[in-house]
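# Structural overview for review
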Amino acid sequence: MDPVTEDRAPEPLTEYAHRLTRRVRAFDRRHPLLWDLHITGFWVTAALIDYAGGGWRHNAHNLDVPGWLLLTLSLGLSVPLLWRRTHPRAVLAAMALFALANAWTGAALQAALLQLAVVYHIALRRALRNLWWATALVIAPVLVSVARHGEGTWDQQLGSHLMSITVAALIGITVRTRRNYTEALEDRARRLETERDQQARLATAAERARIAREMHDIIGHNLSVITGLADGGRYAAAKSPERAAQALDAIATTSRQALTELRRLLDVMREDEQNQADLTPQPGLTDLEHLLDGVRSAGLPVHATTHGVPTLPPGRQLTVYRVIQEALTNTLKHAGPEATAQIELSYEDKGAVTLTITDTGTGSRTDGPAPGGRGLPGMRERTALYGGTLEAGPRPHPEQGWRVRLHLPEENPQ
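As the structure is a computational prediction, the values presented were derived from the model and not from experiment.

For the rest of this paragraph, the subject is the overall build of the protein. Each helix and strand counted, the protein has 13 helices and 5 strands in total. Partitioning the contacts of the protein with sequence separation of at least 6, the portion at a separation of at least 24 is 69%.

Glancing now at the nonpolar core. Residues Val320, Ile324, Leu328 and Leu355 are the most contacted members of the largest nonpolar core, which totals 31 residues. Residues Leu92, Leu114, Ile122 and Ala168 belong to the second largest nonpolar core, which totals 21 residues.

Moving on to the confidence of the model for the protein. Detailed reading of the predicted coordinates is not advisable wherever pLDDT is low. Per-chain confidence: the protein averages 79 in pLDDT, with 78% of residues scoring 70 or above. Element-level mean pLDDT values for the protein span from 44 in helix 10 (residues 273-277) up to 92 in helix 5 (residues 88-105). Under a pLDDT of 50 for its full length, residues 271-280 has, in the predicted model, 9 contacts with residues more than four places off or in other chains.

This part covers the pattern of salt bridges. For the coordinates displayed, the defined rule picks out 8 salt bridges. Taken together, the shared-partner salt bridges in this structure form one network comprising Asp36, Arg84 and Arg85.

Taken together, the 5 strands give an open sheet; going across it, the order is 1-2-3-5-4, and neighbouring strands pair in mixed fashion. The open sheet has two edge strands with one neighbour each: strand 1 (302-307) and strand 4 (389-394). Strand-to-strand twist of the sheet, defined as the mean angle between neighbouring strand axes without regard to direction, takes the value 10°. The pairing of strand 1 with strand 2 (residues 341-347) spans 6 bridges and is classified as parallel. Bridge assignment links Val302 to a residue of strand 2, and that residue is Ala341.

This part covers the packing of aromatic side chains. Given two aromatic rings, their pairing is described by the distance between the two centres and the angle made by the two planes. In total, this model carries 1 aromatic pair according to the counting rule given. Geometry around Trp104 places Arg148 over its ring, the cationic atom sitting 4.1 Å from the centre.

A separate point is helix 12 (residues 314-334). A rise of 1.5 Å per residue sets the reference length of helix 12, with its 21 residues, at 30 Å; its end C-alpha atoms lie 30 Å apart and thus fit the reference within 8%. Residue Gly336 follows helix 12 closely and has a positive phi angle near 85°.

This paragraph deals with a nonpolar patch on the surface. Where nonpolar side chains cluster on the molecular surface, the patch consists of Leu48, Leu71, Leu75, Val79 and Trp83 and spans about 370 Å² of accessible area. As for its position among the elements, Val79 is in the loop between helix 4 (67-76) and helix 5. Of the residues examined, Val79 reaches a relative accessible area of 33% and is grouped as partly exposed.

With that settled, the discussion passes to unusual backbone geometry. The backbone of Ala108 sits at a positive phi, close to 55°, despite the residue not being glycine. Along the chain, Ala108 turns up in the loop between helix 5 and helix 6 (115-125).

With respect to the helices, strands and loops of the structure, Arg316 is situated in helix 12. Other than its neighbours up to four places away in sequence, Arg316 contacts Gly351, Ala352, Tyr386, Leu408, Pro409, Glu410 and Glu411.

The next thing to look at is the packing of helix 6 against helix 7 (residues 130-149). Between helix 6 and helix 7, the shortest axis-to-axis distance is 10 Å and the interhelical angle comes to 175°. With respect to helix 7, the element helix 6 is oriented roughly antiparallel. Two secondary-structure elements touch here, helix 6 through Gln115, Val119, Ile122 and Ala123 and helix 7 through Asn130, Leu131, Ala134, Leu137 and Val138. Its residues placed into classes, the contact of helix 6 with helix 7 shows 7 nonpolar, 2 polar and no charged.

Another point: a positive patch on the surface. On the surface, a cluster of positive charge is made up of Arg25, Arg29, Arg30, Arg178 and Arg179. When residues of the positive patch are assigned to their parent elements, the largest contribution, 3 residues, is made by helix 2 (residues 12-30). Position of Arg179 among the secondary structure elements: in helix 8 (residues 154-239).

Before going further, it helps to examine the pairing of strand 5 (residues 402-408). Residues Trp402, Val404, Leu406 and Leu408 point to one face of strand 5 and are all buried, whereas Arg403, Arg405 and His407, pointing to the other face, are not buried. In terms of strand pairing, strand 3 (residues 353-359) meets strand 5 through 6 bridges, oriented antiparallel. When the bridges of strand 5 are listed, Thr354 appears paired with His407. When strand 4 meets strand 5, the two strands line up antiparallel, connected through 6 bridges. When the sheet's bridge partners are listed, Ala392 is paired in strand 5 with Val404.

This next bit is on the packing of helix 5 against helix 6. Interhelical geometry of helix 5 versus helix 6 gives an angle of 160° and a closest axis separation of 9 Å. Classified by the angle between their axes, helix 5 and helix 6 sit roughly antiparallel to one another. Considering how the two elements wind past one another, helix 5 and helix 6 form a crossing that is left-handed. Mapping the contact onto sequence places Pro88, Arg89, Val91, Leu92, Met95, Ala96 and Ala99 in helix 5 and Gln115, Val118, His121 and Ile122 in helix 6. Considered class by class, the residues forming the contact of helix 5 with helix 6 number 8 nonpolar, 2 polar and 1 charged.

The rules behind the values
Residues numbered from 1 in each chain as written. Predicted model: local features only at pLDDT ≥ 70, side-chain atom pairs only at ≥ 80, totals over all residues. Heavy atoms only, no water. Helix = DSSP H or I, 4+ residues; strand = E, 2+ residues; numbered from the N terminus. Contact = heavy atoms within 4.5 Å. Core = buried A, V, L, I, M, F, W, Y, C linked by side-chain atoms within 4.5 Å. Buried < 20%, exposed > 50% of the residue type's maximum accessible area, 1.4 Å probe, protein only. pLDDT = per-residue confidence, 0-100. Salt bridge = Lys/Arg side-chain N within 4 Å of Asp/Glu carboxyl O. Pairing = 2+ DSSP bridges. Axes fitted to C-alpha atoms, helices over the stretch in contact; angles between N-to-C directions. Phe/Tyr/Trp six-rings, centres within 6.5 Å; stacked < 30°, edge-to-face > 60°. Lys NZ or Arg CZ within 6 Å of the ring centre and 35° of its normal. Expected span 1.5 Å × (residues − 1). Patch = residues over 30% accessible without salt bridge, like charges linked within 9 Å, V, L, I, M, F, W, Y side chains within 5 Å. Areas by Shrake-Rupley, 256 points an atom, 1.4 Å probe, with all protein chains shown as cover. Parallel < 35°, antiparallel > 145°, perpendicular 65-115°, else oblique. Nonpolar A, V, L, I, M, F, W, Y, C, P; charged D, E, K, R; others polar. Lys, Arg positive; Asp, Glu negative; His and termini not counted. Charge placed at Lys NZ, Arg CZ, Asp CG, Glu CD. Left-handed = near helix turned anticlockwise from the far one by under 90°.

Structure, rendered in structure tokens:
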């Protein structure tokens with residue numbers, strides 16, 4: 001297809017017709033009775049003109065039909081159109097009586113053809129099985145007219161009327177199909193819009209949870225380290241100024257690291273792709289030793305043992321790093337003085353990893369997270385992203401302390 005033709009604007013006349021059609025339909029939806037009165041009034045006027053002007057005589061089989069009967073038949077075949085949209089079946093039944101009288105008397109008023117408009121509305125608004133008896137009602141006066149007055153042959157009369165009924169029904173079915181198709185498209189658009197809004201809300205909630213998790217990991221860990229360093233520096237200030245100075249240096253270093261990570265997290269929330277391209281990567285296992293040095297400088301002896309060769313992708317590395325960070329942060333907070341920590345990290349094939357963190361703390365802890373806390377739920381959420389398991393709780397008696405065990409299974413090939 002020619003792209004020039006494809007992108008060409010609609011013809012002015014076509015656009016005008018569409019706009020006019022939309023306005024008429026909108027007016028009809030707002031004022032259905034007013035529109036019905038106009039349509040019915042038009043056909044009633046046409047029927048009365050046919051009666052008063054004597055036009056009915058050109059088709060009549062009997063010219064001696066009384067005037068009052070002609071007026072009654074004209075009104076009976078046109079006035080019921082007012083209810084054609086709300087009660088089409090009742091309207092057709094009522095008009096059929098006048099149509100039979102019209103055929104029997106030989107008046108042959110052209111207003112009888114208005115039954116086709118009702119057939120159209122039955123095809124448009126009711127079950128299609130109603131068309132069978134509707135056709136019978138419309139054909140019955142034709143049979144009466146042929147049998148009584150004998151004009152034309154049976155096949156001519158039936159054929160022409162059946163063709164008219166078929167055309168009216170097909171028009172109604174076509175409009176109905178088009179309307180149903182349009183309504184289906186509108187309903188689908190509404191559902192897609194609702195689904196889009198729901199997906200946006202879910203994405204927003206997930207992003208908020210992710211940011212809260214990262215903020216907790218960054219601020220909680222670094223503040224715990226800073227608190228430990230500050231307490232140690234306070235006690236060492238009187239006896240060993242050099243140790244106090246070292247603690248202050250460590251506090252400054254930890255604070256800078258926390259600020260750097262916070263800036264990186266906040267920069268991720270920006271929409272500027274250039275800024276995002278310049279970001280440093282999230283911490284991984286290569287940063288683990290730096291993390292342990294900070295914890296050791298805060299006063300918690302940590303011993304780490306590694307088995308296997310680390311071959312984890314960045315996402316899994318971040319999960320392992322954050323779990324270690326959170327577990328050591330909790331040890332700093334709750335384990336009490338003289339506590340030690342042990343980390344055992346085992347790398348397996350295809351990205352599987354097992355991590356065990358134990359401490360010898362004697363401080364009071366609970367089996368679950370603190371009210372409103374995000375530490376343990378955050379670790380479990382990270383673990384669930386990779387189908388892993390996380391266990392956290394006191395070490396079995398008689399051992400003291402706390403144990404956190406993480407296991408990430410093998411990666412599933414995509």
